Amino acid sequence: MTAEVTRDCTADEPDRDIDLEDDSGAVIAAVGRQIRLWREAAGMRAAELGAAIGYGENQVYKVETGKRIPKPEFLDKVDEVLGAGGKLAAMKKDVAEARYPKKVRDLARLEAEAVELGAYDNHNVNGLLQTEEYARALYEMRRPSFSRDQVDRYVAGRMARQEILERQPLTTLSFVQEEVTIKRPLGGRMVARRQLERLLEVGQLRNVEVQVMPTDREDHAGMGGPLQLLKFEDGSAVAHWEGQLSSRLISDPKEVRIVELRYGIIRAQALTPRESLAFIEKALGET
């Protein structure tokens, strides 16, 4: 685990096809060059390739110049039409990873290495516990508004991170949710119901503990806001903090210890996992 990972990064990306300063830009640019080379070798113009695969000429040019991230079906169709024998379609995995925002990929890489993860959330259900509908509702209510492509990209990245829930060997996971995140019907009643059902389902996993922090607590160690703590096999740890316009990964041992102390107290102040599942089940019946 590298010692220096502390930094600030933008939480909301601007509306764009792809940011070439993002390291995903190099991957997408390389894929685009390969598509152009195969197209030229086949003696096809961009307009002809677009017509053959059901895309516009401008879309083909944007992919070839690395300005737009190709969807999996685009790569499948291009591979077939250009007779690439699977060489272009094989790039889908790399492209899929590049589709996720950089801050999501950075966090996902840390989560992939973690042997223990703990998180406290006070405004909405933690991203690792969200249903796709709930996640989409959250991104669609952002202001200023995200484009449709941005919403799709963020939702895909969030869902991909949830592999940690059942990845082998199992990662020890704990979540503390503020009571309001259980009772606030974000996305509407049916979205909220399915989200509560998902919490009950995940809460039954052997490696996951979900706790609820009641609103009536007179002493609360989480007043500093949401937090995430990740611990690694070598004994090191980092913390993740996300604010309105930026997020931060913290590796300074002194600061990490403060986050670890706060999270431990938060867990002690919350309902037990058993009490919490009963609380969520009751909320589901009232939703």
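Residues numbered from 1 in each chain as written. Predicted model: local features only at pLDDT ≥ 70, side-chain atom pairs only at ≥ 80, totals over all residues. Heavy atoms only, no water.

> Report on the overall build of the chain, specifying residues and quantitative values.
Each helix and strand counted, the chain has 12 helices and seven strands in total. Expressed as a percentage of its 287 residues, the buried residues of the chain come to 46%. Within the chain, residue pairs in contact and separated by at least 24 positions form 76% of the contacts whose partners lie at least 6 positions apart. (Helix = DSSP H or I, 4+ residues; strand = E, 2+ residues; numbered from the N terminus. Buried < 20%, exposed > 50% of the residue type's maximum accessible area, 1.4 Å probe, protein only. Contact = heavy atoms within 4.5 Å.)

> Give a description of the nonpolar core that names residues and reports values.
Ranked by internal contacts, the top residues of the largest apolar core, which has 33 residues, are L117, F175 and I280. Taken together, the elements giving at least two residues each to this core come down to α6 (102–113), β2 (114–121), α7 (132–140), β3 (172–178), α10 (189–202), β4 (208–213), β5 (227–232) and α12 (273–286). By residue number, the principal contributor to this core is α10, which donates five residues. Discounting residues that sit within four places of it in the chain, F175 has contacts with L117, A119, N126, L128, L129, V208, E209, V210, Q211 and Y263. (Core = buried A, V, L, I, M, F, W, Y, C linked by side-chain atoms within 4.5 Å.)

> Would you mind going over empty space enclosed by the protein in detail, with residue names and values included?
A full pass over the atoms with the stated rule returns one cavity of 30 Å³ or more. Forming the boundary of the largest cavity are V125, Y134, T181, I182, R184, L186, A192, Q195, L196 and L199. Those elements giving two or more residues to the lining of the largest cavity turn out to be α9 (179–183) and α10. Take the lining of the largest cavity: its biggest share by element is four residues, from α10. A per-class count over the lining of the largest cavity returns seven nonpolar, two polar and one charged. (1 Å grid on protein atoms, 1.4 Å probe; cavity = no way out; pocket = protein on both sides within 12 Å on 5 of 7 lines; lining within 4 Å. Points joined across faces, edges and corners; volume = space filled by probe spheres on them. Nonpolar A, V, L, I, M, F, W, Y, C, P; charged D, E, K, R; others polar.)

> Break down the packing of aromatic side chains for me, with residues and values.
Going through the model one piece at a time under the given rule, you end up with four aromatic pairs. On the numbers, 4.9 Å between centres and 80 degrees between planes, the contact of Y55 with F74 is edge-to-face. Here Y55, found in the loop between α2 (46–53) and α3 (57–64), pairs with F74, found in helix α4 (residues 72–82); they are 19 residues apart in sequence, far enough to count as distant. Ring centres of Y139 and F146 lie 6.2 Å apart, and the angle between their planes is 40 degrees; this geometry places the pair in the tilted category. By the burial criterion, Y139 is buried, and F146 matches it. (Phe/Tyr/Trp six-rings, centres within 6.5 Å; stacked < 30°, edge-to-face > 60°.)

> Could you give me a rundown of α7, with the residues and numbers involved?
Turning to α7, its buried residues number three or more, namely Y134, A135, A137, L138 and Y139. At its buried positions, α7 is contacted by α8 (148–161), α9 and α10.

> Would you mind going over the environment of V176 in detail, with residue names and values included?
Here V176 lies in strand β3. Classification of V176 as buried rests on a relative accessible area of 0%. Separated by 97 residues in the primary sequence, V176 and P273 have C-alpha atoms spaced 9.3 Å apart. Apart from the residues within four sequence positions on either side, V176 is in contact with A119, Y120, D121, Q211, M213, Y263, I266, R267 and A270.

> Account for unusual backbone geometry, naming residues and giving values.
With an omega of 0 degrees, the peptide bond running from R143 to P144 counts as cis. Along the polypeptide, P144 turns up in the loop between α7 and α8. Cis geometry marks the peptide bond from Q168 to P169; its omega dihedral reads -10 degrees.

> Break down the pairing of β2 for me, citing the residues and quoting the values.
Buried residues dominate β2, accounting for six of its eight residues. Judged from the six bridges that link them, β2 and β5 form a sheet pairing that is antiparallel. Residue A114 lies in a different strand from β5, and its bridge partner there is F232. Relative to β3, β2 runs parallel, the two being bridged by six bridges. From the neighbouring strand, Y120 faces β3, where its bridge partner is V176. (Pairing = 2+ DSSP bridges.)

> Lay out the pattern of salt bridges in plain terms, naming residues and giving numbers.
Under the criterion given, the structure shown has 16 salt bridges. Note that R39 and E64 form a salt bridge whose closest N and O atoms lie 2.6 Å from each other. With R39 in helix α1 (residues 24–41) and E64 in helix α3, the pair connects residues that are 25 residues apart, well separated along the chain. By the burial criterion, R39 is buried, and E64 matches it. Put simply, E132, R136 and D152 are held in one network by salt bridges that share partners. (Salt bridge = Lys/Arg side-chain N within 4 Å of Asp/Glu carboxyl O.)

> Hey, could you go over helix α11 (residues 253–269) for me, with residue numbers and the actual values?
Here α11 is 17 residues long and its end C-alpha atoms lie 24 Å apart, about the 24 Å a rise of 1.5 Å per residue gives. Along α11, the positions that sit buried rather than exposed are V256, V259, Y263, I266 and Q269. Each buried residue of α11 sits inside an arc of 150 degrees when the element is viewed along its axis, so together they form one side. Exposed residues on α11 whose side chains face more than 90 degrees from its buried face are P253, K254, R257, L261 and A268. For α11, the capping residue at the N-terminal end is D252, with a side-chain oxygen 2.9 Å from the backbone nitrogen of K254. (Expected span 1.5 Å × (residues − 1). Arc of directions from axis to C-beta. Polar contact = N/O pair within 3.5 Å; in protein donor to acceptor, adjacent residues only side chain to side chain.)

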